[in-house]
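What the coordinates show
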Amino acid sequence: MIDINAKLKEIGPYIPEEDDDLLVCRCEEVTKGEIRKAIHSGLFTIEELRRFLRCGMGLCQGQTCGLLTRRLIAKELGTSVHEIDVATSRAPMRPVLMDEASRDHKGE
Amino acid sequence: MERIKEHPILGTCEPGKIVHFTCDGKTLEGYEGEPIASALRVNGIMVHRYTSKRHEPRGVFCAIGRCTDCVMIVDGVPNVRTCITPLKEGMKVETQYGVSRKGDVK
Amino acid sequence: MSMEYKEMVVIGAGPAGLSAAIEAASKGIKVTVYDENARPGGQLFKQIHKFFGSKEHKAKIRGFKIGEELLNEATKLGVDVVLNATVMGLFAQKELTVLINNEVHHVKADAILVATGASENMVNFRGWTLPGVIGAGAAQTMMNLHHIKPGNKILMVGTGNVGLVVSFQLLQAGCEVVALVDAAPAIGGYGVHASKLARTGIPFYLSHTVKVAEGEDHVTGVTIAEVDSHFKFIPGTEKHFDVDTICVAVGLSPMTQLLKMDGVKMEDTRGGYVPACKKDGSTSIPGVFAAGDVAGIEEASSAMIEGRMAGAAICEYLGYEDHEEKESREETLFGSLENLREGMFAPKNRGKKIEKTEEGIDISQNLLRHGFIGDDEVERFPGVISKKGIHPVIECSQNIPCNPCQSACHKGCIAIGDHMTSLPVVDPESECINCGMCVASCPGQAIFLVDEEEDHTLITMPYEFYPLPVVGEKGMALGRDGHEVCEAEITNVRTSKAYDHTALVTMKVPAKYAMTARFYKKGEDVL
């Protein structure tokens, strides 16, 4: 179990960077700055960031930004990207209309 | 953007059957069954939608239906991935603003 | 609603999935392959270049032809390939939900192979969301499947094999590639792929990356800049290009979500976040297998063998083969796979800096930095000889598992030996008959026929662009770096079914340019 306060102390406060307005999540339009701020407020996992900022929760379900976000977390925490868990996988794996998702095939 | 007609490896690229469709009310031509995005590209259209938060233009990015950046309103249905949806005669394609038509209340 | 029962389900009709389906169906298993795309074959149908490897790996055959072969074989064996079928979920007890024709099918299978391939990685720079910034896969899809030029003037980001191969394909589609950039200090892909581009005059900018993609509604330009060893921009190093398209090829990640969802044990490796698999593709869940890029990023040739191995393992799992049969099949296949995993670019060498070839020859540093072998470096490689009369010159300087040139020559001019990754050696005593088969067979287009005479030299090169030069046409010979070296006249243009769309163009240049002229550009004023 990670000690959030100790880790926050270790990584220091959020300091704005020149390219903080750069988008990381294209679908939900979440910026690097927003994610960095969230990390420095104690959200160290992709799961928490997803719930809090909706990054990786849009139509593409984090296909494009998943790795970018993990790299960003790793950089802010001063660790390797391999230490950062990937997001939980859930069905449906592709964007699907609610109407279709609830329409079962009746058989031949 | 141009279509490739003669290719050193693929040979002659046979033209498809021409169909008509509209984009934001303008009548355009494309090949039946090709991705809507391809037909738009040939007609010089690169902006498929404007995002809801930052109102930024988006177009084709992955071209295989994964990134969902190229979504538009097709025959009244929003969020249609135009890079993998085949073009049909009479299709009505519209630029998507956020998840709606221009001017529609979200 | 009803539950559909299948004997074996394959998710993904790419090289791994189809190969597994063929292997299993040939033993009598009823196989259903689901693919979310409208066309089968995965990425094979976008790969129009000749494959590396040896004959058993389908070397020198173009990717899309291999795709057609696999599909025909699968169809003949009665494999049911269901297209536009999106597997939405994979659950415990080998249950899946598949979206077909706007309806959800509930399916249970005795064995499942996940062969979902990979997705493209991305980099985010200023302006990366502008229309006109596309993935390399998108470019391939547009030009090779839908026959649309992705752009007119293009900057390629990334010099791995995907970036190099796609750049070449862009040239073949009639686009202009203004430059390739890579944040890394050395070209990541095969040197031969880079050299094909460099000799047409395309510059490589290593230790450079995109600073900003410019444009209001779509890309109209790009600024790149040099980065230091911490990947920070170095002020004052900016370079601007007018482009309408920026193509990004910065690696692939295994598309493992279905496996993860199913609860398969995963591991984070250098090849990506992958299922922990045995070599036959079996995962931590009995009856669930993985093969191809989803189990670790490699080439399509490897994916086909992995698919075969998983197919054999499923045969045993379902009781169609006994353990000994499976083991012996696996051993054969694994040997073939191990051959592909040799050489400088092998998975085990990823990230390693290699200074010398297996033969102990210094690697061309120019090749890594600029995409071409320096004129002063080339003669140290064993395929490069100079002598009176006609002979092949093989500018193959890195150990990659590939040997079609050896079997292409029936005159014994070219020797690689049993070790596939060895550099080809040209024997100065053998008699070249100018058949051109070696030139056309080289997937890296690194072989030239050089006919050295008293007062001139004839240089025959592989040529895969339109329009083809015509005999009698005059222009300039270009060096390995793409710069003009001398005037040249086209004396022969050969095309043949045996050359498989690689034309052999011969140009005449003054004798002293025998070892430097390597490409041809038509004169500007010649119509």
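Residues numbered from 1 in each chain as written. Chains lettered and ligands numbered in written order. Predicted model: local features only at pLDDT ≥ 70, side-chain atom pairs only at ≥ 80, totals over all residues.

**Some details on the overall build of chain B**
Broken down by element type, chain B carries one helix and ten strands. The C-alpha radius of gyration of chain B comes to 14 Å, within 12% of the 13 Å expected for a compact globule of 106 residues. C-alpha atoms of chain B, sized along the principal axes, occupy 50 × 25 × 20 Å. When the 106 residues of chain B are sorted by exposure, 43% land in the buried category. For chain B, the share of sequence-separated contacts (at least 6 apart) that also reach a separation of at least 24 residues comes to 39%. (Helix = DSSP H or I, 4+ residues; strand = E, 2+ residues; numbered from the N terminus. Rg over C-alpha atoms; globule rule 2.2 N^0.38 Å. Buried ≥ 20, exposed ≤ 12 C-beta atoms within 10 Å, placed from the backbone. Contact = placed C-beta atoms within 7 Å.)

**Observations concerning the overall build of chain A**
Regarding its fold elements, chain A presents five helices and two strands. In chain A, the order of α-helices and β-strands from amino to carboxyl end is α-β-β-α-α-α-α. The globule rule puts the C-alpha radius of gyration for 108 residues at 13 Å, and the 17 Å found for chain A is more than 25% above it. Along the longest, intermediate and shortest principal axes, the C-alpha atoms of chain A span 60 × 30 × 20 Å. Buried positions account for 35% of the 108 residues belonging to chain A.

**Quick word on the confidence of the model for chain B**
Predicted confidence across chain B gives a mean pLDDT of 95, with 98% of residues reaching 70 or more. Per the prediction output, this complex has pTM 0.97; the corresponding ipTM is 0.97. (pLDDT = per-residue confidence, 0-100.)

**Focus on the sheet that holds strand β7 (residues 71-74) of chain B**
All names here are of chain B. If you trace the five strands from one edge of the open sheet to the other, you get β4-β3-β9-β7-β8, paired in mixed fashion. Sheet topology places β4 (26-31) and β8 (77-81) at the edges, where each strand pairs with a single neighbour. Across the sheet, the mean angle separating the axes of adjacent strands is 40° when strand polarity is ignored. In the sheet, strand β3 (residues 18-23) pairs with β4 via six bridges, with the strands oriented antiparallel. Directly across from His20, in β4, lies its bridge partner Glu29. (Pairing = 2+ DSSP bridges. Axes fitted to C-alpha atoms, helices over the stretch in contact; angles between N-to-C directions.)

**Some details on the interface of chain B and chain C**
If you look at the interface, chain B gives 28 residues, while chain C gives 31 residues. Only β1 (6-7), α1 (36-42) and β6 (57-58) of chain B provide two or more residues apiece to the side of chain B that touches chain C. When residues of the side of chain B that touches chain C are assigned to their parent elements, the largest contribution, three residues, is made by α1(B). For the side of chain B that touches chain C, the class distribution of residues is 17 nonpolar, three polar and eight charged. (Nonpolar A, V, L, I, M, F, W, Y, C, P; charged D, E, K, R; others polar.)

**Quick look at the interface of chain B and chain A**
Across the contact, eight residues belong to chain B and eight residues belong to chain A. By residue class, the composition of the side of chain B that touches chain A is one nonpolar, three polar and four charged.

**Some thoughts on the sheet that holds strand β8 (residues 133-135) of chain C**
Residues and elements named next belong to chain C. Spatially, the five strands line up as an open sheet ordered β8-β15-β9-β10-β11, and their pairing is parallel. A strand with exactly one partner marks an edge of an open sheet, and here the two such strands are β8 and β11 (204-206). Recorded for the sheet is a direction-independent mean angle of 20° between the axes of neighbouring strands. The strands touched by helix α3 (residues 136-145) are β8 and β15 (245-248); relative to β8, the strand with the most contacts, the crossing angle is about 85°.

**A look at the environment of C:Ala13**
Residue and element names in this part refer to chain C. With respect to the element layout, Ala13 can be found in the loop between β1 (3-11) and α1 (15-25). Linking Ala13 and His323, residues 310 residues apart in sequence, is a C-alpha distance of 27 Å. The contact partners of Ala13, leaving out residues within four places of it in the chain, are Leu18, Val33, Asp35, Pro40, Gly41, Gly42 and Val81.

**A look at α3(C)**
With respect to burial, α3(C) is a largely interior element, ten of its ten residues being buried. Those residues of α3(C) lying buried are C:Ala136, C:Gly137, C:Ala138, C:Ala139, C:Gln140, C:Thr141, C:Met142, C:Met143, C:Asn144 and C:Leu145. On its buried face, α3(C) sits against α1 of chain B together with β7 (118-120), β8, α4 (161-172) and β15 of chain C. Immediately beyond the C-terminal end of α3(C), within one or two residues, lies C:His147, with a positive phi of roughly 55°.

**A word on the nonpolar core**
Residues and elements named next belong to chain C. Core analysis: the largest hydrophobic core is formed by 223 residues, its most contacted members being Ala21, Leu113, Ile246 and Cys247. In terms of residue count, the dominant contributor to this core is helix α7 (residues 300-317) (eleven residues). Residues contacting Ala21, with those up to four places away along its chain left out, are Val10, Val31, Val33, Ala74 and Val79. (Core = buried A, V, L, I, M, F, W, Y, C linked by C-beta atoms within 7 Å.)

**A short note on the packing of α3(C) against α4(C)**
All names here are of chain C. The interhelical angle for the contact between α3 and α4, taken along N-to-C directions, is 30°, at an axis separation of 10 Å. Between α3 and α4, the interaxial angle falls into the category roughly parallel. Handedness of the α3/α4 crossing: left-handed. Along the contact surface, α3 presents Ala136, Ala139, Gln140, Met143 and Asn144, while α4 presents Val162, Gly163, Val166, Gln169 and Leu170. A class-by-class count of the residues in the contact of α3 with α4 yields six nonpolar, four polar and no charged. (Parallel < 35°, antiparallel > 145°, perpendicular 65-115°, else oblique. Left-handed = near helix turned anticlockwise from the far one by under 90°.)

**Focus: unusual backbone geometry**
Omega for the peptide link from A:Ala91 to A:Pro92 comes to -5°, which places this bond in the cis form. Mapped onto the elements, A:Pro92 comes out in the loop between α4 (66-77) and α5 (98-101). Going from C:Tyr466 to C:Pro467, the amide bond is cis rather than trans, its omega being -5°. Position of C:Pro467 relative to the elements: it lies in the loop between β24 (456-463) and β25 (474-478). With phi around 50°, C:Lys94 is a residue other than glycine that occupies positive phi space. Looking at C:Lys94, the number of C-beta atoms within 10 Å reads 19, which means it is partly exposed. A positive phi angle, near 65°, is found at C:Asn434, a position not held by glycine. In this structure, C:Asn434 sits in the loop between β22 (425-426) and α11 (437-441). Since 17 C-beta atoms lie within 10 Å of it, C:Asn434 is described here as partly exposed.

**Notes on helix α1 (residues 4-11) of chain A**
By the criterion of burial, α1(A) is predominantly exposed, with just zero of the eight residues buried. A:Gly12 lies just past α1(A) and shows a positive phi near 80°.

**As for the pairing of strand β13 (residues 221-226) of chain C**
Residues and elements named next belong to chain C. With six bridges connecting them, strand β12 (residues 208-214) and β13 associate as antiparallel partners. By the bridge assignment, His208 is partnered in β13 with Glu226. As consecutive antiparallel partners, β12 and β13 are separated by six residues, and within that stretch Gly215 has a phi angle of approximately 140°, a positive value.

**Some remarks on the environment of C:Lys239**
All names here are of chain C. By secondary structure assignment, the location of Lys239 is in strand β14 (residues 239-241). A count of 15 C-beta atoms within 10 Å places Lys239 in the partly exposed class. In sequence terms Lys239 and Val222 are 17 residues apart; their C-alpha atoms lie 8.3 Å from each other. Dropping the residues within four chain positions of it, Lys239 is found in contact with Thr223 and Ile224.

**Considering the packing of α1(C) against helix α2 (residues 63-76) of chain C**
All names here are of chain C. Across the interface, α1 lies against α2 with an axial gap of 9 Å and an inter-helix angle of 35°. Note that α1 runs across α2; the crossing there is left-handed. Of α2, the residues touching α1 (which contributes Pro15, Leu18, Ser19, Ala21, Ile22 and Ala25) are Leu70, Leu71, Glu73 and Ala74. Of the residues in the contact of α1 with α2, the class split is eight nonpolar, one polar and one charged.

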